[in-house]
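# Coordinate inspection notes
The residues making up each chain are set out below.
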Amino acid sequence: MMKTRLMYLVVFVYLTSLFGYRWITHRPVVLSSAAVAAPTRFTSVNSAPDPNSVFELVNGHREAAGVDMLVPDAELTAVAEARARDMAQRKYYAHENPDKKHFGHLLTESQINAAYSCENLDLNFSLDSHPYVEDWMASTSGHRSCLLHPNVSRAGYAVAIWDEVSVLGTPQKAYIVVAIHASN
C-alpha cells in the first residue's frame with residue numbers, strides 16, 4: 001500500500017513538473033508553443049459577425065461531442081484573415097482562389113506544419129454567429145467533420161465584409177466567415 005502511494009506521488013510530482021497543475025483539470029489543456037503565443041481573441045470587424053462568437057459556438061459543439069476544445073492560434077488566424085480578405089477583395093467564394101490556390105498553399109508559404117488541417121467557409125447575410133455554425137454542422141460535404149475532427153486542436157477564425165448585394169432589389173451586406181483548423 002505504501003509503495004502504491006509513493007508511486008502515485010512520484011507520478012503526480014513528475015506530471016506537475018512537466019505541465020503545472022493545469023493537467024489535473026477535467027479537460028485536457030494543449031500546452032504547446034503555439035498555444036502560449038496564441039491570441040485570446042480574434043479580430044472583429046465593425047458591423048460584421050464576431051469571429052470569437054463563432055469560435056465559442058464551435059467549441060460548444062465540440063464539447064457536446066466529447067472532443068477537446070480548440071485553442072486559438074495566431075498563425076492560423078493570419079491565414080484565415082488573408083483568405084477572408086482575398087475573397088472579399090477579389091469577389092470569389094470558394095476553397096480555391098482564382099489562381100488555383102487553396103488554404104493549404106498559404107499554410108505551406110507561412111511554414112505552418114500540421115499533420116491534418118481543414119477549412120470551413122460560409123457566406124451569409126446575418127450578423128448573428130449561429131447561422132454560420134449551423135450551416136457547417138448541417139453540411140454533408142465535410143464541414144461538420146472538420147469542426148469535430150478529434151485530431152484538430154488549434155484554429156484561426158476571420159470575418160470579412162463581402163459587399164452589399166442586391167437581394168430582391170434591396171441592398172444587404174454579405175459576410176464571409178473563414179475557419180482554419182489544424183492538428184499540432
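In what follows, the structure referred to is the one given above.
Here's what I pulled together on the structure shown here. None of the values given here were measured: they were computed from a predicted structure.

Moving on to unusual backbone geometry. Backbone geometry places K100, a non-glycine residue, at a positive phi of 70 degrees. Topologically, K100 is positioned in the loop between α4 (74–90) and α5 (103–109). Unlike most non-glycine residues, L168 shows phi in positive territory, near 55 degrees. Among the structural elements, L168 can be located in the loop between β3 (154–167) and β4 (170–182).

What follows is about the state of the cysteines. Throughout the structure, instances matching the rule amount to one disulfide. At a sulfur-sulfur separation of 2.0 Å, the disulfide partner of C118 is C146. Residues C118 and C146 share a disulfide whose torsion about the S-S bond is about 85 degrees; that sign makes it right-handed. Here C118 is found in strand β2 (residues 117–124), whereas its partner C146 is found in helix α7 (residues 143–148), with 28 residues between them in sequence. Under the relative-accessibility criterion, C118 is labelled buried at 8%.

Two side chains that carry opposite charge are able to pair once their charged atoms sit near each other. As enumerated under the stated definition, the model contains six salt bridges in all. In this structure, D99 and R90 form a salt bridge, with 3.2 Å as the shortest nitrogen-oxygen distance. On the basis of relative accessible area, D99 is assigned to the partly exposed category, the value being 49%. On the basis of relative accessibility, which here comes to 35%, the residue R90 falls in the partly exposed class. Linking E109 and K101 is a salt bridge whose minimum nitrogen-to-oxygen distance equals 3.4 Å. Each of D86, R90 and D99 takes part in a single network of salt bridges with overlapping partners.

Thresholds, definitions, all that
Residues numbered from 1 in each chain as written. Predicted model: local features only at pLDDT ≥ 70, side-chain atom pairs only at ≥ 80, totals over all residues. Heavy atoms only, no water. Helix = DSSP H or I, 4+ residues; strand = E, 2+ residues; numbered from the N terminus. Disulfide = S-S within 2.5 Å. Buried < 20%, exposed > 50% of the residue type's maximum accessible area, 1.4 Å probe, protein only. Salt bridge = Lys/Arg side-chain N within 4 Å of Asp/Glu carboxyl O.

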